[in-house]
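Spelled out from the first residue to the last, the chains are:
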Amino acid sequence: MCFNLAEGPRCQLCEDQRRDTGLICVVEEPGDVIPIERTHEYRGRYHVLGGALSPIDGVDPEDLKLSELFARVENAPADAPVREVVLATNPTTTGEATALYVADRLRTSAPEVTVTRLASGLPVGADLEYADEVTLGKALAGRRAL
Ligand SMILES: [Zn+2]
């Protein structure tokens, strides 16, 4: 269902009934699930795309598990709707392109679903003086009220 690595038809996280089915975190690779799980900040489900969009390298939407993701969101049962899709693709050109593609599609096909993107910003313990301008710029753009 989520295309994470699994021994049976569903992975351990999809089998876990305590996890929130209304939240889907979209990642590029199965290996990306592990660091997110380690934070203990996320209690929803996952969707592993199997890569990121990169037309130059010949990776088009049909090469990733995108239609399966849209089907999960759009065809969710009325008593267990998907409330939020968290885009946790990498903060790279291809990861950003993939996140924008998913957000664009869901805005039209599932406008009731909140689409979020992981904040990108300064590493914990960093000093502003030494931050690169791209990272600092993203941290500024993604600032939030305290
Ligand atoms: Zn799964």
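Residues numbered from 1 in each chain as written. Predicted model: local features only at pLDDT ≥ 70, side-chain atom pairs only at ≥ 80, totals over all residues. Heavy atoms only, no water.

Q: How would you explain the packing of aromatic side chains if you had to name every residue and give the values?
A: The geometry of an aromatic ring pair comes down to the distance between the two centres and the angle between the two planes. This structure, assessed with the given rule, holds two aromatic pairs. Between Tyr42 and Tyr46, the ring centres sit 5.2 Å apart and the planes meet at 65°, which makes this aromatic pair edge-to-face. Here Tyr42 falls in the buried class, since its relative accessible area comes to 12%. Both rings, one in Phe70 and one in Tyr101, keep their centres 6.4 Å apart while their planes meet at 40°; by these two values the pair is tilted. (Phe/Tyr/Trp six-rings, centres within 6.5 Å; stacked < 30°, edge-to-face > 60°. Buried < 20%, exposed > 50% of the residue type's maximum accessible area, 1.4 Å probe, protein only.)

Q: Tell me about the pattern of salt bridges, and name the residues and values.
A: With the rule as written, the count across this model stands at seven salt bridges. Among the ionic pairs, Asp20 bridges to Arg83, the shortest N-O distance being 2.6 Å. In this pair, Asp20 sits in strand 1 (residues 20-27) while Arg83 sits in the loop between helix 3 (66-74) and strand 3 (84-87), placing the two residues 63 residues apart along the sequence. Judged by relative accessible area, which is 24%, Asp20 ranks as partly exposed. We classify Arg83 as partly exposed; its relative accessible area is 45%. Look at the salt bridges and you will find they share partners, linking Glu96, Arg117 and Lys138 into a network. (Salt bridge = Lys/Arg side-chain N within 4 Å of Asp/Glu carboxyl O. Helix = DSSP H or I, 4+ residues; strand = E, 2+ residues; numbered from the N terminus.)

Q: Any details on the sheet that holds strand 3? Residues and values, ideally.
A: Read across the sheet, four strands follow the order 2-1-3-4 without closing on themselves; strand pairing throughout is parallel. The open sheet has two edge strands, strand 2 (44-48) and strand 4 (114-117), and neither has a second partner. Each strand axis lies, on average, 25° off the axis of its neighbour in the sheet, ignoring direction. Against the sheet, helix 4 (residues 93-109) makes contact with strand 3 and strand 4, and its axis sits at roughly 170° relative to strand 4, the strand it touches most. (Pairing = 2+ DSSP bridges. Axes fitted to C-alpha atoms, helices over the stretch in contact; angles between N-to-C directions. Contact = heavy atoms within 4.5 Å.)

Q: Any chance you could break down the layout of surface pockets for me, citing the residues and the numbers?
A: A water-sized probe, rolled over the atoms, reveals where empty space remains. The computed volume of the largest pocket comes to approximately 610 Å³. As for the largest pocket, its lining consists of 22 residues, and the residues nearest its centre are Ile36, Ala88, Arg117, Leu118 and Ala119. Secondary structure elements with two or more residues in the lining of the largest pocket: strand 1, helix 2 (33-39) and strand 4. (1 Å grid on protein atoms, 1.4 Å probe; cavity = no way out; pocket = protein on both sides within 12 Å on 5 of 7 lines; lining within 4 Å. Points joined across faces, edges and corners; volume = space filled by probe spheres on them.)

Q: Explain the pairing of strand 1 to me, using residue names and the numbers behind them.
A: It is a general feature of regular strands that their side chains alternate between the two faces of the sheet. Taking burial as the measure, the eight residues of strand 1 include six buried ones, the bulk of the element. In terms of strand pairing, strand 1 meets strand 2 through five bridges, oriented parallel. Bridge pairing in strand 2 places Val27 opposite Val48. With helix 2 bridging strand 1 and the parallel strand 2, this β-α-β connection has right-handed handedness. Relative to strand 3, strand 1 is paired through four bridges, and the arrangement is parallel. What sits directly across from Ile24, in strand 3, is Val85. (Right-handed = clockwise from strand over helix to strand, strands pointing away.)

In short, shape yes, function no, at least from these values alone.
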